[in-house]
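Understanding the architecture of this molecule
Here's the letter readout for the chains.
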Amino acid sequence: MKIQPLSDRVVVQAQDADEQTASGLFIPDTAKEKPQRGTVLAVGPGRVENGTKIDMTVKEGDTVLYGKYSGTEVSLDNEDFIIMRESDILGIIQ
Amino acid sequence: MKIQPLSDRVVVQAQDADEQTASGLFIPDTAKEKPQRGTVLAVGPGRVENGTKIDMTVKEGDTVLYGKYSGTEVSLDNEDFIIMRESDILGIIQ
Amino acid sequence: MKIQPLSDRVVVQAQDADEQTASGLFIPDTAKEKPQRGTVLAVGPGRVENGTKIDMTVKEGDTVLYGKYSGTEVSLDNEDFIIMRESDILGIIQ
Amino acid sequence: MKIQPLSDRVVVQAQDADEQTASGLFIPDTAKEKPQRGTVLAVGPGRVENGTKIDMTVKEGDTVLYGKYSGTEVSLDNEDFIIMRESDILGIIQ
Amino acid sequence: MKIQPLSDRVVVQAQDADEQTASGLFIPDTAKEKPQRGTVLAVGPGRVENGTKIDMTVKEGDTVLYGKYSGTEVSLDNEDFIIMRESDILGIIQ
Amino acid sequence: MKIQPLSDRVVVQAQDADEQTASGLFIPDTAKEKPQRGTVLAVGPGRVENGTKIDMTVKEGDTVLYGKYSGTEVSLDNEDFIIMRESDILGIIQ
Amino acid sequence: MKIQPLSDRVVVQAQDADEQTASGLFIPDTAKEKPQRGTVLAVGPGRVENGTKIDMTVKEGDTVLYGKYSGTEVSLDNEDFIIMRESDILGIIQ
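Residues numbered from 1 in each chain as written. Chains lettered and ligands numbered in written order. Predicted model: local features only at pLDDT ≥ 70, side-chain atom pairs only at ≥ 80, totals over all residues. Heavy atoms only, no water.

Let us look at the overall build of chain A. Per the secondary structure count, chain A includes one helix and nine strands. Written out in order from the N terminus, the α and β elements of chain A read β-β-α-β-β-β-β-β-β-β. When each of the 94 residues of chain A is scored for burial, the buried share is 48%. Put simply, of all contacts in chain A between residues at least 6 apart along the chain, 67% involve residues at least 24 apart. (Helix = DSSP H or I, 4+ residues; strand = E, 2+ residues; numbered from the N terminus. Buried < 20%, exposed > 50% of the residue type's maximum accessible area, 1.4 Å probe, protein only. Contact = heavy atoms within 4.5 Å.)

Here's what the structure looks like:
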């Protein structure tokens, strides 16, 4: 079973916090939006602006940074995903 | 009796919660918007932006994910439906 | 005496609640916006967007669904009407 | 002394409440925006959108419906007027 | 010393309240935005929208109506002026 | 050391209050936004709107009026500057 | 490990406060947004507006001024970065 996101949405599987700390991600300032890291599982076709398709930048398999409160959590077949808009993604970790 | 949605609206019949849990949908975080699943019963012609028709992506029969508070509930001939905009639909379950 | 609505506005005569329940409309969830049903009596010429006229979808005689708090109630010659924008209309009942 | 409204503004002389009730206008629901009726005394040249002039629909002498709190009341030579945007006008009574 | 307003701004010298009442301006409803009258002293070149210059409608010497809380009061060489956008001007008194 | 402002931003050196009062600037109404006067030290290249560069109106050396709470104060090499958008500048004093 | 920012985002490494004070940056007014200084480490490809790519102005190695609460702090491999949009950058220090 697979989710095909609409428009410029992306399905992301979050990496858990321990994994993130182990790999060096640390959020020092609690007053700021807390970013998180995850793996892109599915990518929408892109949104349409004034009749022009805006292509997506991220692709399946990318490791991305995003804000903690971005998107909507869904759970399918006992796995958790987050569906967010590409504009919620801050950057790709290379 | 049938509802023809206007613009980019979609008529969705929600799957009830038990059915959703049985099929694996589980919402772990109550602080987040709770997504739901439903079946698309009718699709509008698409909205017009700057004189250009924006085609719809979802079609009748699609199983879709959407936020719990999306759209407006209506009941016709003793059946309940939700009328929402396509932009409220997060993805299609394949 | 007749009202010619401006822009993309529509004059609707609401069907009363009993008539709606008798014909099957039932609003189960009070926390949601309550939709209502009515008959379209007059339709504006459509709004202009960037110099392009956007045609209206609904027409006189259509039975339409709309939110309870949509538009403005007016009363003329002892009859009550609601003037709303077409974007407040959720769908047409066929 | 005469007011030439700017852009898409309209100068309206309100009909008083008694006159409105006598001619059949009645506002049954106090929780809703209360519409009123008036006569158009002067009409602006229309607003400009992306370099294109949008023509006005109403004209001098029209009887129009508008929301009670629309526009700005002015008084000149001991007469009261309301200056509102055409988008505040709901319809023309024919 | 002279102020050259930027964009679609206008420098207006307010007529004082007595002058206004004497000439017939009277604001009957305190719950509404109170309009005022003034003389245009300087006019900006007009704003640019999508690369197109939008010409100004008012000109030096015009007597204009505007809302009481429109614009910013400045005082130069012991005289008070108001700098407002042309969109804050309701109409020209002829 | 010099600041090159981005987009349609302007670096302004405020004239102090005494200098302003001495030269005739006086703000009579504390309920209104308090304007201030300064000298333009650096000007950005202009912002881009829909692919079109919008040229700047102010230039180095201009004396400008702006709202008291406009922009961001910065201090470099023991001198204070304000970086604001050109749209925050009300007018040029000639 | 490197972050490739999306759209018009920029990865900035903040200069610490002592370094800033030593080099002359001083923020006198606590009621105003506090600007900060940093070094640009990575620059996104630019955002797309109506199908047109808007090029970035800042480049790797630039020293930039930005508001204290701009962007999102991330930490990777025990180093702290801020990911912000270019529009949050006030100017480049030359």
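Let's pick the thread back up.
Turning our eyes to something else, we now look at the nonpolar core. Judged by nonpolar contacts, the single largest core of 13 residues is most densely connected at Val10, Val12, Val58, Val64 and Ile89 of chain C. Mapped by element, the contributors of at least two residues to this core are strand E2 (9-14), strand E3 (35-43), strand E6 (63-67), strand E8 (79-85) and strand E9 (89-93) of chain C. In contact with Ile89 of chain C, other than residues within four places in its own chain, are Leu6 and Arg9 of chain B together with Val10, Val58, Val64, Leu65, Tyr66 and Met84 of chain C. (Core = buried A, V, L, I, M, F, W, Y, C linked by side-chain atoms within 4.5 Å.)

Only a minority of non-glycine residues have a phi that is not negative, and only a minority of peptide bonds are not trans. Residue Ser7 of chain B is not a glycine yet carries a positive backbone phi of 55 degrees. Position of Ser7 of chain B among the secondary structure elements: in the loop between strand E1 (3-5) and strand E2 (9-14).

Attention shifts here to the interface of chain G and chain F. On the chain F side, the residues contacting the 25 residues of chain G number 25 residues. Summed over both partners, the interface of chain G with chain F comes to about 2000 Å²; 55% of that surface belongs to carbon and sulfur atoms. The interface formed by chain G and chain F includes zero salt bridges. Viewed at the interface, chain F and chain G are joined by five residue pairs in polar contact (both at pLDDT 80 or more). (Buried area = accessible area lost by both parts, 1.4 Å probe. Salt bridge = Lys/Arg side-chain N within 4 Å of Asp/Glu carboxyl O. Polar contact = N/O pair within 3.5 Å; in protein donor to acceptor, adjacent residues only side chain to side chain.)

Time to look at the relation of the copies chain G and chain F. Aligned on chain F, chain G shows an RMSD of 0.0 Å; the corresponding rotation is 52 degrees and the shift along the axis is 0.1 Å. Residue by residue, only 8% of the interface of chain G is reproduced at the interface of chain F, so the copies engage with different surfaces. (Least-squares fit on C-alpha atoms with pLDDT ≥ 70 in both.)

Turning next to the environment of Lys2 of chain G. Looking at the secondary structure, you find Lys2 of chain G in the segment before strand E1 (3-5). If sequence neighbours within four positions are ignored, Lys2 of chain G has contacts with Ile92, Ile93 and Gln94 of chain A.

With that out of the way, let us pick up the pairing of strand E9 (residues 89-93) of chain E. Walk down a regular strand and you will see the side chains alternate between the two sheet faces. Counted residue by residue, E9 of chain E has five buried out of five residues, so it is predominantly covered. Inspection of the sheet shows strand E1 (residues 3-5) of chain D paired to E9 of chain E by three bridges, in the antiparallel sense. Following the sheet pairing, Ile3 of chain D is matched in E9 of chain E by Ile93 of chain E. Pairing geometry for strand E6 (residues 63-67) of chain E and E9 of chain E, over four bridges, is antiparallel. Among the inter-strand pairings, Thr63 of chain E is bridged to a residue of E9 of chain E, identified as Ile93 of chain E. (Pairing = 2+ DSSP bridges.)

Residue and element names in this part refer to chain C. Counted according to the given criterion, the structure contains 28 salt bridges over all chains. The residue Arg47 makes a salt bridge to Asp8 at a minimum N-O spacing of 3.8 Å. Separated by 39 residues along the polypeptide, Arg47 in the loop between E3 and strand E4 (48-49) and Asp8 in the loop between strand E1 (3-5) and E2 bring together distant segments of the chain. The exposure class of Asp8 is buried, given its relative accessible area of 8%.

Residues and elements named next belong to chain F. Residue position: Asp62 is located in the loop between strand E5 (52-53) and strand E6 (63-67). For Asp62, the side chain forms a polar contact with the main-chain nitrogen of Lys59, separated by 2.9 Å. Leave out the neighbours within four places in its chain, and Asp62 touches Gly38, Thr39, Val40 and Ile92.

Confidence in the prediction for chain A averages 83 pLDDT; 78% of positions are at 70 or higher. This model gives residues 26-33 of chain A a pLDDT under 50, and the stretch forms 14 contacts once residues within four places in sequence are excluded. (pLDDT = per-residue confidence, 0-100.)

This brings us to the environment of Asp88 of chain E. Residue and element names in this part refer to chain E. Note that Asp88 resides in the loop between strand E8 (79-85) and E9. Note: C-alpha distance between Asp88 and Leu41 (47 residues apart in sequence) is 15 Å. Dropping the residues within four chain positions of it, Asp88 is found in contact with Leu65, Tyr66, Gly67, Ser70 and Gly71.

Another aspect to go through is the environment of Leu6 of chain D. For Leu6 of chain D, the location among the structural elements is in the loop between E1 and strand E2 (9-14). Residues contacting Leu6 of chain D, with those up to four places away along its chain left out, are Pro45 of chain D together with Thr57, Val58, Glu86, Ile89, Leu90, Gly91 and Ile92 of chain E.

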